[in-house]
Amino acid sequence: LQVPRCAFRARYHFLENKLKTKFPDQDCPEWRGFISLFHHPQSVSLVFSSSYANNPASMFGHIFLKVDSDRNNDLLAMGINYAALVPPDENPFAFFYFGIFGGYGGHWSTQPYYEKLNEYVKAESRDLWQYRLNLSPDETHFLLEHLWELETTGRKAYYFFDDNCAYQVMRLIEIVKPEWT
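These figures come from a predicted structure and were not determined experimentally. (Residues numbered from 1 in each chain as written. Predicted model: local features only at pLDDT ≥ 70, side-chain atom pairs only at ≥ 80, totals over all residues. Heavy atoms only, no water.)

### Concerning the environment of W31
- Tracing the backbone shows W31 in helix α3 (residues 29–36).
- The class of W31 is buried, set by a relative accessible area of 5%.
- Taking C-alpha positions, W31 is 37 Å from N91, a pair spaced 60 residues apart along the chain.
- In this structure W31 touches R9, H141, L144, E145 and W148, once residues within four positions along its chain are discounted. (Helix = DSSP H or I, 4+ residues; strand = E, 2+ residues; numbered from the N terminus. Buried < 20%, exposed > 50% of the residue type's maximum accessible area, 1.4 Å probe, protein only. Contact = heavy atoms within 4.5 Å.)

Have a look at this one:
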């Protein structure tokens, strides 16, 4: 269990900016471990993966984020993914039912971008389109603070048609850039 200052970093950041004040610092080892994965995040790209015929859940494709660091190497960037937690041996009828009616939990995850490339391009022969978002390093950091809150403090049902990866990624970006929606 985390103390509120560690669990709700984006909210504290938001309040500090709006109230023009500074809250006392708190040592947050879990947060430090998380943010260190990104090696001084600099920018964010939206990545669209084309559909994959062997998986009905991806018939519309998939959207995830790529966080670029100060290393300036796409392969060393980190991917941020939102997906349904589906058991590997799920019955196709249960998969259909739970996917439509929110029976699966949605889960944010991070992994190196080269692993995402290997999964989508090499293993599944999908096309990827990448669009760099106009976010500053500070806005990128704020996005990661909000992601931290989402992943460590709450759970959400995943619906294949409306509350899916694209919707959740849009909501994450909207926190940083509300004027874009």
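Moving on, there is more to tell.
### Side note on the state of the cysteines
- This model, assessed by the stated rule, comprises one disulfide.
- Paired by a disulfide, C6 and C28 hold their sulfur atoms 2.0 Å apart. Between C6 and C28, the disulfide has an S-S torsion of -80° and is therefore left-handed. Of this pair, C6 sits in helix α1 (residues 4–7) while C28 sits in the loop between α2 (9–19) and α3, and the two are 22 residues apart along the sequence. (Disulfide = S-S within 2.5 Å.)

### Some remarks on the sheet that holds strand β3 (residues 78–84)
- On the basis of which strands lie adjacent, the open sheet formed by six strands has the order β5-β1-β2-β3-β4-β6 and antiparallel pairing. Every other strand in the sheet has two partners, leaving β5 (128–132) and β6 (156–158) as the edge strands with one partner each. Averaged over neighbouring strand pairs, the angle between their axes works out to 35° when direction is ignored.
- Relative to strand β4 (residues 104–112), helix α4 (residues 92–101) is tilted by about 95°, and along the sheet it contacts β4 and β6.
- The strands that helix α6 (residues 137–153) touches are β1 (43–49), β2 (62–68), β3 and β4; relative to β4, the one it contacts most, it runs at about 140°. (Pairing = 2+ DSSP bridges. Axes fitted to C-alpha atoms, helices over the stretch in contact; angles between N-to-C directions.)

### What about the confidence of the model for the protein?
- Per-residue confidence for the protein gives a mean pLDDT of 89; residues scoring 70 or more make up 95%.
- Within the protein, no element has a lower average pLDDT than helix α5 (residues 113–123), which sits at 86, and none a higher one than α3, at 95. (pLDDT = per-residue confidence, 0-100.)

### Overview of a nonpolar patch on the surface
- A grouping of F14, L15 and L19 is seen on the molecular surface, where their side chains present a nonpolar patch of about 290 Å² in accessible area.
- By the element assignment, L19 lies in helix α2. (Patch = residues over 30% accessible without salt bridge, like charges linked within 9 Å, V, L, I, M, F, W, Y side chains within 5 Å. Areas by Shrake-Rupley, 256 points an atom, 1.4 Å probe, with all protein chains shown as cover. Salt bridge = Lys/Arg side-chain N within 4 Å of Asp/Glu carboxyl O.)

### Considerations on the packing of α2 against α6
- Axis separation between α2 and α6 bottoms out at 7 Å; the angle between their running directions is 135°. Classed by the angle they form, the pair α2 and α6 counts as oblique. Only F142, E145, H146, W148 and E149 of α6 make contact with α2, whose side of the interface consists of R9, A10, R11, H13 and F14.
- Class assignment of the residues belonging to the contact of α2 with α6 gives a composition of four nonpolar, two polar and four charged. (Parallel < 35°, antiparallel > 145°, perpendicular 65-115°, else oblique. Nonpolar A, V, L, I, M, F, W, Y, C, P; charged D, E, K, R; others polar.)

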